[in-house]
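Coordinates in review
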Amino acid sequence: MKYLKFILLGAFFGIILAKAEIISWFRIIEMFRFESFHMFGVIGSAVMLGIVAVRVLKLQPDYEQKFHFNKYKSGWKNYLFGGIIFGLGWAMTGACPGPMFINAGAGYGMFFIAILAAMAGTFTYGVLMKRLPH
């Protein structure tokens, strides 16, 4: 029962994403073909909100004790390689990780395969993490 508010908030967020067509395969393909600004506007808004949120969190006097930010100093090659892998998965499935769950909940069963593949990739990263450059 103590997690009910998080479940309700997640369901509400999923409904908003579905109604805004963020989970639509057609919208994602439009983005990759540069045919529509819809997804770029949503992603750009999310990036800007994230920047503002992190800045506000860093204004807290004891933010390092409350919040744990990634302190790795990895080079641009790691970001490029990770971005390529993420983008290929996104292009192949038609959804990034969050909307995969919303699509599965909306009745698109093939997304359960994508979720299993994402979990396998995450597990593989966990196994290989010590050997990978950070």
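Everything that follows concerns the structure shown earlier in this document.
Throughout this description, residue numbers start from 1 for each chain and increase along the sequence as written. Whole-chain, interface and lining totals are the exception, using all residues; otherwise, since this is a predicted model, local features are given only for residues with pLDDT of at least 70 and side-chain atom pairs are given and counted only at 80 or more. Heavy atoms from the whole structure form the basis of all side-chain values; hydrogens and water molecules are not counted.

**Digging into the overall build of the chain**
Stated formally: Helix and strand assignments follow DSSP, with helices taken as H or I runs no shorter than four residues and strands as E runs no shorter than two, numbered in order from the N terminus. Only protein chains enter the calculation, and the probe is 1.4 Å; a residue is then buried if its accessible area is under 20% of its type maximum, exposed if over 50%, and partly exposed in between. Note on contacts: a residue pair is in contact if any heavy atoms of the two residues lie within 4.5 Å. The Shrake-Rupley method, run with a 1.4 Å probe, gives the accessible areas here. Residue values count only the displayed protein chains as cover.
Within the chain, the secondary structure is distributed over seven helices and zero strands. Shown N-terminal to C-terminal, the secondary structure of the chain runs as helices and strands in the order α-α-α-α-α-α-α. Viewed in the frame of its principal axes, the chain has a C-alpha envelope of about 45 × 35 × 35 Å. Per-residue burial for the chain yields a buried fraction of 16% across its 134 residues. Here the analysis covers contacts within the chain between residues at least 6 apart in sequence; of these, 30% occur between residues at least 24 apart. For the chain, the computed accessible surface area is about 10800 Å², with 73% contributed by carbon and sulfur atoms.

**A word on the pattern of salt bridges**
Definition in use: Salt bridge, as applied in this entry: a Lys or Arg side-chain nitrogen positioned within 4 Å of an Asp or Glu carboxyl oxygen.
Taken as a whole and assessed by the stated rule, the structure comprises two salt bridges. Arg 27 is paired through a salt bridge with Glu 21; the nearest N and O atoms lie 2.8 Å apart. Take Arg 27: its relative accessible area is 21%, and that puts it in the partly exposed class. Its salt-bridge partner being Glu 30, residue Arg 27 comes within 3.3 Å of it at the nearest N-O pair. In this pair, Arg 27 and Glu 30 are both assigned in helix 2 (residues 25-32), three residues apart and thus about one turn of the helix distant. For Glu 30, a relative accessible area of 25% puts it in the partly exposed group.

**Details of the packing of helix 6 (residues 97-105) against helix 7 (residues 110-128)**
What counts here: To obtain an axis, a line is fitted to C-alpha atoms, over the contacting stretch when the element is a helix, and the angle between two such axes runs from 0 to 180 degrees between their N-to-C directions. Left-handed is the label given to a crossing in which the near helix is rotated counterclockwise from the far helix by less than a right angle, and right-handed is the label when the rotation is clockwise. For this classification, Asp, Glu, Lys and Arg are treated as charged, while Ala, Val, Leu, Ile, Met, Phe, Trp, Tyr, Cys and Pro are nonpolar and the rest, including Gly, are polar.
The N-to-C vectors of helix 6 and helix 7 enclose an angle of 145°; their axes lie 8 Å apart at closest approach. The two elements helix 6 and helix 7 meet at a crossing, and its hand is left-handed. For the pair formed by helix 6 and helix 7, the contact residues are Met 100, Phe 101, Asn 103 and Ala 104 on the first element and Phe 111, Phe 112, Ala 114, Ile 115 and Ala 118 on the second. Considered class by class, the residues forming the contact of helix 6 with helix 7 number eight nonpolar, one polar and no charged.

**So, the nonpolar core**
Applied cut-off: Put simply, a nonpolar core is a bunch of buried Ala, Val, Leu, Ile, Met, Phe, Trp, Tyr and Cys residues held in one set by side-chain atoms that sit within 4.5 Å of each other.
If you look at the biggest cluster of nonpolar residues, it comprises eight residues: Leu 17, Ile 22, Ile 23, Ile 28, Met 31, Met 39, Trp 90 and Ile 102. Setting aside anything within four residues of it in sequence, one finds Ile 28 in contact with Ile 22, Met 39, Trp 90, Gly 94 and Ala 95. With six residues, the next largest nonpolar core counts Ala 95, Ala 104, Phe 111 and Ala 114 among its residues.

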